[in-house]
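Structure at a glance
Spelled out, the chains give:
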Amino acid sequence: MQKKIWLASPHMGGSEQKYVKEAFDTNWIAPLGPNVDAFEKALALYNEVDHTAALSSGTAALHLALIMLGVETGDEVIVSSFTFAASVNPITYQGATPILIDSEPDTWNMCPKQLERAIIDRISKGKKPKAIILVHLYGMPAKIDQIMSVAVRYKIPVIEDAAEAMGSRFRGRPTGTFGLMGFYSFNGNKIITTSGGGALVSNDEWLISRSRFLATQARECAPHYESMK
Ligand SMILES: *Cc1c(COP(=O)(O)O)cnc(C)c1O
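A brief look at the structure comes next. (Residues numbered from 1 in each chain as written. Predicted model: local features only at pLDDT ≥ 70, side-chain atom pairs only at ≥ 80, totals over all residues. Heavy atoms only, no water.)

Across the sheet, which stays open at both edges, the seven strands sit in the order 1-9-8-5-4-2-3 with mixed pairing between neighbours. Lying at the two open borders of the sheet, with one neighbouring strand each, are strand 1 (51–55) and strand 3 (97–101). Within this sheet the neighbouring strands show an average axis-to-axis angle of 20 degrees, counted without direction. Examined bridge by bridge, strand 2 (residues 76–80) and strand 4 (residues 131–135) share three bridges and lie parallel to one another. Its bridge partner being in strand 4, V79 is matched across the sheet by I133. Helix-sheet contacts for helix 3 (residues 58–68) involve strand 1, strand 2, strand 4, strand 5 (158–161), strand 8 (181–185) and strand 9 (198–202), and the interaxial angle to strand 8 is about 165 degrees. (Pairing = 2+ DSSP bridges. Helix = DSSP H or I, 4+ residues; strand = E, 2+ residues; numbered from the N terminus. Axes fitted to C-alpha atoms, helices over the stretch in contact; angles between N-to-C directions. Contact = heavy atoms within 4.5 Å.)

Our focus in this paragraph is the pattern of salt bridges. One pass over the full model with this rule turns up 11 salt bridges. For R122, the salt bridge goes to D121, with nearest N and O atoms at 3.2 Å. In this structure, R171 and D145 form a salt bridge, with 2.5 Å as the shortest nitrogen-oxygen distance. Of the two residues, R171 is situated in the loop between strand 6 (169–170) and strand 7 (173–174) and D145 in helix 6 (residues 144–153); the sequence distance between them amounts to 26 residues. Each of E76, D121, R122 and K125 takes part in a single network of salt bridges with overlapping partners. (Salt bridge = Lys/Arg side-chain N within 4 Å of Asp/Glu carboxyl O.)

So, on to the packing of helix 3 against helix 7 (residues 205–215). Closest axis-to-axis distance for the helix 3/helix 7 pair is 10 Å, and the angle between their directions is 115 degrees. Note on packing geometry: the crossing formed by helix 3 with helix 7 is right-handed. Seen from helix 3, the contacting residues are L64, I67 and M68; seen from helix 7, they are W206, L207, R210, S211, L214 and A215. The residue inventory of the contact of helix 3 with helix 7, partitioned by class, reads seven nonpolar, one polar and one charged. (Left-handed = near helix turned anticlockwise from the far one by under 90°. Nonpolar A, V, L, I, M, F, W, Y, C, P; charged D, E, K, R; others polar.)

And the structure:
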């Protein structure tokens, strides 16, 4: 029998149990703490991006990105057609409509020409898309330069779905850092895993700090949040 090579089984480097033990020993079982802070810093360094927010999933990261762009009921959002359902689901969580763009044959990702055609069509019908979700499927960078130039021409913000593309670069720069926001997934079947998890990244400080605020129950720094025991 031939040995099976699994597509995405998690690989343990050797230090994982040490850090899990350390988290127990120091009682950092709370959802945030020094390990998450260090992870966010390492992620920012590795992906050469200024701000990162570690989240519960890639889906949560995309959902927050759409909220930050004000996507709401009745809006339209452009997204790659060749992708996992999670690139599209958060659009519907906001009550918006996905506009799916077909792939080009070189990278199998979003076709810049079809993208422009769709934008012109939607604008002519009075429905300018609120955002473009560009997927780098299987870690293959899309034609980012061409897509970004279309997006800039029509002033539509780009969110990069780099859920599968951690470690990929386009002209030397990490995927996920070209658009206004980008996100990675750390689900069990991705490049690196936290079992379940994701991160939103951006060079815009406010987008990330506001996303972090929304991701942590929108708690204000006010005394009425102190629980009295
Ligand atoms: C996995 C994946 C997501 C969602 O990430 P989760 O962490 O599973 O929510 C989004 N887009 C693509 C292309 C993915 O492969």
